[in-house]
Amino acid sequence: MSPEEKPAPPRSLAEALRGRDDGSLAALLRSRPDLVTPVPTDLTQLATRAGTRASVVRALERLDRFALQTAEALAVAGDPATYAELSGLMAGDGRDPEVVAALPRALGVLREQALVWGGDDRLRLVRTARELLVPSPQHPSPTGLGPTVREATAGMSPGRVQEVLAAAGLSSTHDPVSAVDALTALFSDRAAMDALLAGSPEESRQVLDRLVWGPPYGQVTHDPAAHLRWLLDRGLLLPTAPGTVVLPREVALHLRAGRAHRTPAPVPPPVTPAATYRPEAVDGAAAGQAQGALAVVAELLKDWDEGGPAVLRAGGLSVRDLKRTAVALDVAEPVAAFWVELAYAAGLLASDGEADERYAATPAYDEWRELPPAERWARLAQAWLLGTRTSGLVGGRDAKDRALSALGPGLDRSAAPEVRHRVLALLAQLPEGAAPQAESVLARLRWERPPRGPRRAERPETEDPRARLARWTLAEAELLGVTGRGALAAPGRALIGAPAREADHGPGEASGPGAKLPVHHHTPPAPEPLAPAEQAAATAAAARVLAPLLPEPLDHVLLQADLTAVAPGPLRRPLAELLDLVADVESKGGATVYRFTPGSVRRALDSGQTAADLHTFLARYSRTPVPQPLTYLIDDVARRHGRLRIGAAAAYVRCDDDATLDEILADKRAAGLGLRRLAPTVLAARADPAALLEGLRGMGFAPAAESDGGDVLIARADARRTAPRTAPEPVPEGPPVPDDALLSAAIRAIRAGDLAATAPRRPDAGAAPAGGEPPRTGAAETLATVQAAVLTGESLWIGYVNAEGAASQRVIAPVRVEGGFVTAYDHTADEVRTFALHRITGVAELADETG
């Protein structure tokens, strides 16, 4: 080809793909991963798959607003269209400079995703995309445009078309086709249309103004008013059905000054800050939230240590159990649902799988408790970021009008991880310490991924699932400590792999809700979602960033005379566990207040502690002297603890002090236990041991359970665990994005398969059938041709059936033939392979220039 010659324009999408380099094909397969599952055999199959309805719909749903508007403009343009025509539809007669500047990028996106192909002089929208986006009465276009003059006059009589021509001031023609062409040319001529409309009645102009931006359809009576008749006579309104008229597309475009969209959106709306704080204040607030998150999850699972709520028959928590959990955690029910779902997503709780199925902590919870606080938080944060379960849906109803419950089915939303990452990435683009306006975040997300639907711009925001996910993300990130005061904190920045940014305020500079942010003219690109290995590294980095921000656990409490203990901060684990055992939490906050009661002391004694152990524990860890009332309380409960012994007969009560047994028998509250004396120190009961324990404790006694051997049974709070269970797997949103290794192998296979399908055969290779089907030759001819190719070094086109019976066609360069096998370089697989001769269905020689 001489330098002056230009390559022929592609005649199909397959030819356009054939002209791409490997980098461009990789970008296509990365942006549309459904095209590579499974790997296409050649570029023709890739083009066919890229034009299927399901794939095109998925690709359109992932376009930003301006790229989608560009595709919608191409759908109402000619087929093919020129770049100038497209630019006119997008920028209008006024040539909006922002639109003109942004259009090449949008068209490049459509080309990269194989939704548009052809040069700038012949732009073609993929046929399936055109069918989806072109205006129709059943599926109005977001452009608000109606059918063309040719489409609207398809059912009109030739005589009526000629009447319209005459009323519009045009000469009559000899056939309807030329008449419609003349009318189209008139409506597309700006000067002629201005002259025509200059003589229109004011009421007629008002009708056009109401229809110009859509919907383009209107209703008329059988005897329309004069101003409507004026429009109908000149074809400015065309009838589509009895009583229905439409504004032709060409007329609407003239009235719109050539624009296909009322409000083009070439530039994404900015995420605007609502307030700014010192980064240290943001990180401190986030660290406090993170510490609180660890405490809430630990409290939840401690409460469920001996078996949590029952599992509903349909799965999940009942409304009553969720309310109880919310009361126990002292939070609202939606927040309780978030913590329950987070613990489930992190694999810390699950159903026990028993006949009477209940929720309980998993063995992974014990491992989690052993980790340092920062690593425990990082596990929770990663489970939240990557999980698809969405607690915000709890309390709503599914498509079948069934209630959605916490831990139940129907809460997975495959878009949740992407939305969470994208929201945090937008926050990472703001100056450090800046909290965004929530509405600006939602507006940006709606631009990046517009809601689908014929009237998507007018749909209420609550109907947009991504907007709901974004709102929940902002609230949940604050609860978890990923953000602090609404701004992305340093651990959250590390969690998504965003680089740390320099502070925008000096140490002494005032900041706060009213502080003015500096203007950033060059916003760094937002971080993309990370691969699994990269995400693991980012999670570890987030833990390292958070560790110095968390307060150092304390090894002491302050005992007070009113039988309370104050923990001025988080406690070391052994101290916290034993204090939880011997006292009840009365209030939480920056400092936690514990209260000692007879019941809490008895709980510690039931777990195997002695009075001496408790006195030693309190003296060791208290920074204040042990108050005398607390000493008396422990001694008094210990003195009475275990004097009564309860075992299994149905049940019995044993006590060395027969006076105590007399007191029990005389108490009217014991009537329901069915007690009777067997011996001076033994009572028998109809109630079972557990009911007897609770009944006597309710009467003010401190009985202890005993074993068959007469030993006191020790009750431990962490006795119940589920079988080992893995965390729930996220529900993916379509096929996963292929990695670089898979992309490279897929492109090599597609290229080789395309070579096999399109390689020219010699004209005399009569064995090769037409239509690109594999060749058919006899065994003797196949062997002779392969042996000749070994000597000449030529490549061959073969049909091959593997051991599984799958037929394929390949281009091979034979190296040797022996023992019924041919060893050859397989261009399809890009490697040397061995083929059984009896499985080769046929062989054909390639043309000299491709051999």
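The structure we're discussing is the one just above.
Here is what the cut-offs are and how they apply
- Counting starts from 1 at the beginning of each chain's written sequence and moves along it residue by residue.
- Thresholds applied to this predicted model are a pLDDT of at least 70 for local features of residues and 80 or more for the giving and counting of side-chain atom pairs; totals over whole chains, interfaces and linings are not thresholded and use all residues.
- Computation of side-chain values: all heavy atoms of the structure, hydrogens and water removed.
- What makes two strands pair is DSSP finding at least two bridges between them.
- Runs of E in the DSSP output that reach at least two residues are strands. Runs of H or I that reach at least four are helices, and both are numbered from the N terminus.
- Fitted lines through C-alpha atoms serve as axes, helices being fitted only where they are in contact, and the angles separating the N-to-C directions of these axes extend from 0 to 180 degrees.
- Stacked, edge-to-face and tilted are the three classes for Phe, Tyr and Trp ring pairs, Trp counted by its six-membered ring, which pair at centre distances within 6.5 Å; planes under 30 degrees apart are stacked, over 60 edge-to-face, the rest tilted.
- Only protein chains enter the area calculation, which uses a 1.4 Å probe; residues under 20% of their type maximum are buried, those over 50% are exposed, and those in between are partly exposed.
- Each ring is checked for a lysine NZ or an arginine CZ that lies within 6 Å of its centre and within 35 degrees of its normal; such an atom marks a charge sitting over the ring.
- We call a set of buried Ala, Val, Leu, Ile, Met, Phe, Trp, Tyr and Cys residues a nonpolar core when their side-chain atoms join them within 4.5 Å.
- Contact between two residues is taken to exist if any of their heavy atoms lie within 4.5 Å; hydrogens are not considered.
- By definition here, a helix of n residues has an expected span of 1.5 Å times n minus one.

Colleague: When you look at the sheet that holds strand S12 (residues 558–560) in this model, what are you seeing that I'm missing?
Modeller: Paired through their backbone hydrogen bonds, the strands of a sheet run either parallel or antiparallel. Read from one edge of the open sheet, four strands run S12-S13-S15-S14, paired in antiparallel fashion. Of all strands in the sheet, those with a lone pairing partner are S12 and strand S14 (584–587), marking the two edges. The sheet shows a mean angle of 30° between the axes of neighbouring strands, taken without regard to direction. Note: S14 against strand S15 (residues 592–595), three bridges, orientation antiparallel. Residue pairing across strands places Ser-587 opposite Val-593, the latter belonging to S15.

Colleague: What should I look at first to understand the sheet that holds strand S4 (residues 238–241) in this one?
Modeller: Reading across from one edge, S3-S5-S4 is the order of the three strands in this open sheet, with antiparallel pairing throughout. Whereas interior strands pair on both sides, the edge strands pair on one side only; in this sheet they are strand S3 (217–219) and S4. Strand-to-strand, the axes of this sheet are offset by a mean angle of 40°, without reference to chain direction. Relative to strand S5 (residues 244–246), S3 runs antiparallel, the two sharing three bridges. Following the sheet pairing, Gln-219 is matched in S5 by Thr-244.

Colleague: Whenever I open this one, the environment of Gly-799 confuses me. Can you help?
Modeller: Within the element layout of this structure, Gly-799 appears in strand S21 (residues 796–801). Separated by 44 residues in sequence, Gly-799 and Val-843 have C-alpha atoms that sit 6.6 Å apart.

Colleague: How should the packing of aromatic side chains be read in this particular structure?
Modeller: Remark: the centre distance and the inter-plane angle together describe each pair of aromatic rings, the angle taken between the planes. Under the criterion given, the structure shown has five aromatic pairs. Ring plane angle 55° and centroid distance 5.3 Å describe the contact between Phe-617 and Tyr-621, whose orientation is recorded as tilted. Of this pair, Phe-617 and Tyr-621 both sit in helix H28 (residues 611–621), separated by four residues, roughly a single helical turn. Phe-617 gets classed as buried once you look at its relative accessible area, which sits at 6%. Taking the centre distance of 5.0 Å and the plane angle of 80° together, the rings of Tyr-800 and Phe-835 count as edge-to-face. With Tyr-800 in strand S21 and Phe-835 in strand S24 (residues 831–836), this residue pair connects regions lying 35 residues apart in the sequence. Each member of the pair, Tyr-800 as well as Phe-835, is classed as buried. We note Arg-376 situated over the ring of Trp-368; from NZ or CZ to the ring centre the distance is 5.5 Å. Over the ring of Tyr-277 we find Arg-485; its NZ or CZ atom is 5.4 Å from the centre of that ring.

Colleague: I would appreciate a short explanation of the nonpolar core in the present structure.
Modeller: One recurring pattern in soluble globular proteins: nonpolar side chains tend to sit buried together. Core analysis: the biggest nonpolar cluster contains 86 residues, and Leu-74, Phe-187, Leu-236 and Leu-237 have the highest contact counts within it. Residue contributions to this core peak at eight residues, all from helix H5 (residues 65–76). Setting aside residues up to four positions removed in sequence, Leu-74 forms contacts with Ala-81, Leu-86, Leu-107, Leu-110, Val-116, Leu-123, Leu-125 and Arg-130. Counting 70 residues, the second-largest nonpolar core is a separate cluster that includes Tyr-365, Ala-467, Ala-498 and Ala-543.

Colleague: Is there a simple way to think about the environment of Gly-159 in this case?
Modeller: Within the fold, Gly-159 resides in helix H10 (residues 158–167). Taking C-alpha positions, Gly-159 is 8.6 Å from Pro-176, a pair spaced 17 residues apart along the chain.

Colleague: I keep staring at helix H33 (residues 779–792) and nothing clicks. Help me out?
Modeller: The α-helix advances 3.6 residues per turn, and as a result positions three or four apart in sequence lie on the same side. A rise of 1.5 Å per residue sets the reference length of H33, with its 14 residues, at 20 Å; its end C-alpha atoms lie 20 Å apart and thus fit the reference within 8%. Looking at the packing, one finds that the buried side of H33 touches S21, strand S22 (807–818), strand S23 (821–826) and strand S25 (840–845). A positive phi of about 75° marks Gly-793, the residue just after H33.

Colleague: Any chance you could explain helix H27 (residues 598–606) here in plain terms?
Modeller: Among all positions in H27, only Ser-600, Val-601, Arg-602, Ala-604, Leu-605 and Asp-606 are buried. Buried residues in H27 make contact with helix H26 (573–582), S14, S15, H28, helix H29 (628–640) and helix H31 (689–698). Among the residues trailing H27, Gly-608 stands out with phi positive, at a value near 110°.

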